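Structural overview
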Amino acid sequence: MEWIIIGAIAFLTGITASMGLGGGFILVIYLTVFAQIPQLAAQGINLVFFLPIAAVSLFFHAKNRMIEKSVILPSVLFGAVGVLIGVWAANALGSEWLSKLFAGFILLVGIRELVMAFKTPKKNEEMEDKPEPEIEIKELSE
Amino acid sequence: MKWKEKFKYGALGFVSGILNGLFGAGGGVVVVPMLEKFGIHAKKAHATSIAIILPASLISAVLYFANGNLDLMSATAYLPTGLLGAGIGALLLKKITVRWLKLLFALVIIAGAVRILFQ
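1. Looking at the side chain of Asn69 of chain B
In this structure, Asn69 of chain B sits in the loop between helix 3 (42–66) and helix 4 (72–76). Exposure remark for Asn69 of chain B: the relative accessible area of 15% places this residue in the buried category. Here Asn69 of chain B is in contact with Leu40, Ala41, Gly44 and Asn91 of chain A together with Tyr64 of chain B, once residues within four sequence places are set aside.

2. Section: the pattern of salt bridges
Using the criterion set out here, one finds three salt bridges over all chains in the structure. The salt bridge involving Lys44 of chain B is made with Glu68 of chain A; its shortest N-O contact spans 3.7 Å. Of this pair, Lys44 of chain B sits in helix 3 while Glu68 of chain A sits in the loop between helix 3 (39–63) and helix 4 (72–119), each in a different chain. Assigned by exposure class, Lys44 of chain B and Glu68 of chain A land together as buried. Close ionic contact of Lys8 of chain B with Glu5 of chain B constitutes a salt bridge, the shortest N to O distance being 3.0 Å. With Lys8 of chain B and Glu5 of chain B both in helix 1 (residues 3–23) and three residues apart, the pair spans about one turn of that helix.

3. Topic: the layout of surface pockets
All names here are of chain A. There is about 190 Å³ of room inside the second largest pocket. Among the elements that make up the lining of the second largest pocket, the one with the highest residue count is helix 4 (four residues). When its residues are assigned to classes, the lining of the second largest pocket shows three nonpolar, six polar and two charged.

4. Re the packing of aromatic side chains
The description of two aromatic rings rests on the distance between their centres and on the angle between their planes. Counting across every chain of the model gives nine aromatic pairs over all chains. Relative to Phe102 of chain A, the ring of Phe25 of chain A lies with its centre 5.8 Å away and its plane at 70°, an arrangement referred to as edge-to-face. Placement of the pair is Phe25 of chain A in helix 2 (residues 24–34) and Phe102 of chain A in helix 4, with a sequence separation of 77 residues. The interplanar angle of 75° and the centroid separation of 6.0 Å between the aromatic rings of Phe25 of chain A and Phe105 of chain A together place this pair among those described as edge-to-face. With a gap of 80 residues between them, Phe25 of chain A in helix 2 and Phe105 of chain A in helix 4 connect regions that are remote in the sequence. Comparing Phe25 of chain A with Phe105 of chain A, the two get one shared label, buried. Grouping aromatic residues by their ring pairs yields a cluster made of Phe25, Phe102 and Phe105 of chain A together with Phe23 and Phe105 of chain B. Above the ring of Trp3 of chain B, the side-chain terminus of Lys6 of chain B is found at 4.7 Å from the ring centroid.

The rules we used
- Residues numbered from 1 in each chain as written.
- Chains lettered and ligands numbered in written order.
- Predicted model: local features only at pLDDT ≥ 70, side-chain atom pairs only at ≥ 80, totals over all residues.
- Heavy atoms only, no water.
- Helix = DSSP H or I, 4+ residues; strand = E, 2+ residues; numbered from the N terminus.
- Buried < 20%, exposed > 50% of the residue type's maximum accessible area, 1.4 Å probe, protein only.
- Contact = heavy atoms within 4.5 Å.
- Salt bridge = Lys/Arg side-chain N within 4 Å of Asp/Glu carboxyl O.
- 1 Å grid on protein atoms, 1.4 Å probe; cavity = no way out; pocket = protein on both sides within 12 Å on 5 of 7 lines; lining within 4 Å.
- Points joined across faces, edges and corners; volume = space filled by probe spheres on them.
- Nonpolar A, V, L, I, M, F, W, Y, C, P; charged D, E, K, R; others polar.
- Phe/Tyr/Trp six-rings, centres within 6.5 Å; stacked < 30°, edge-to-face > 60°.
- Lys NZ or Arg CZ within 6 Å of the ring centre and 35° of its normal.

What follows is the structure in structure tokens.
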């Protein structure tokens, strides 16, 4: 039974993570609430879990030409600095306080997602095949 | 790309990096809406967010490992179905509306947040 639950959780996490919906939250919630793993260790497991998931997703997204390459370099460079600060803060807080902060954050994210889901029309506008704004063209004209 | 544009995406990466390091997850919830706000099409924003978060997660994982907060073997149990879900999710992204998935996701994390706050 436990394997079925683990499989289902991982499957849901994989789908939502590959779509950039923040799927890692689901796995961290399962690990801390049900598997009783400390917050920092749960986050560590989620990071390891996410790496191959992201690599697989990225492969398919690149194949489908879904990646906007021009934004990656500055985001990744400054992202690395952000990671250093985030990891330092996580260790400074410790698992107990971190779990409360995590809960507060995902509560806000969940409420926002819920509101957005009801606000958007039935045929979700963001997923409709409306013409894409051509950033490359805009850049060339600048 | 102009400097202003670079700074914009740099700031976006910085915030998502902090979240990634702090919570080991969640960069996407900032990156996706911001990329959309910056004029990138929704589907591309979802896909591009992975390309931004993957390097951040790699650095986070190394730092978690260095701090003794990472058990490589514990993650393996979740990988087979997780990878299957990732493959399906990535393939479906081009074809489906994610409205119901988002709704389910929102309800799951709200329930999880309440459980953590009151446990």
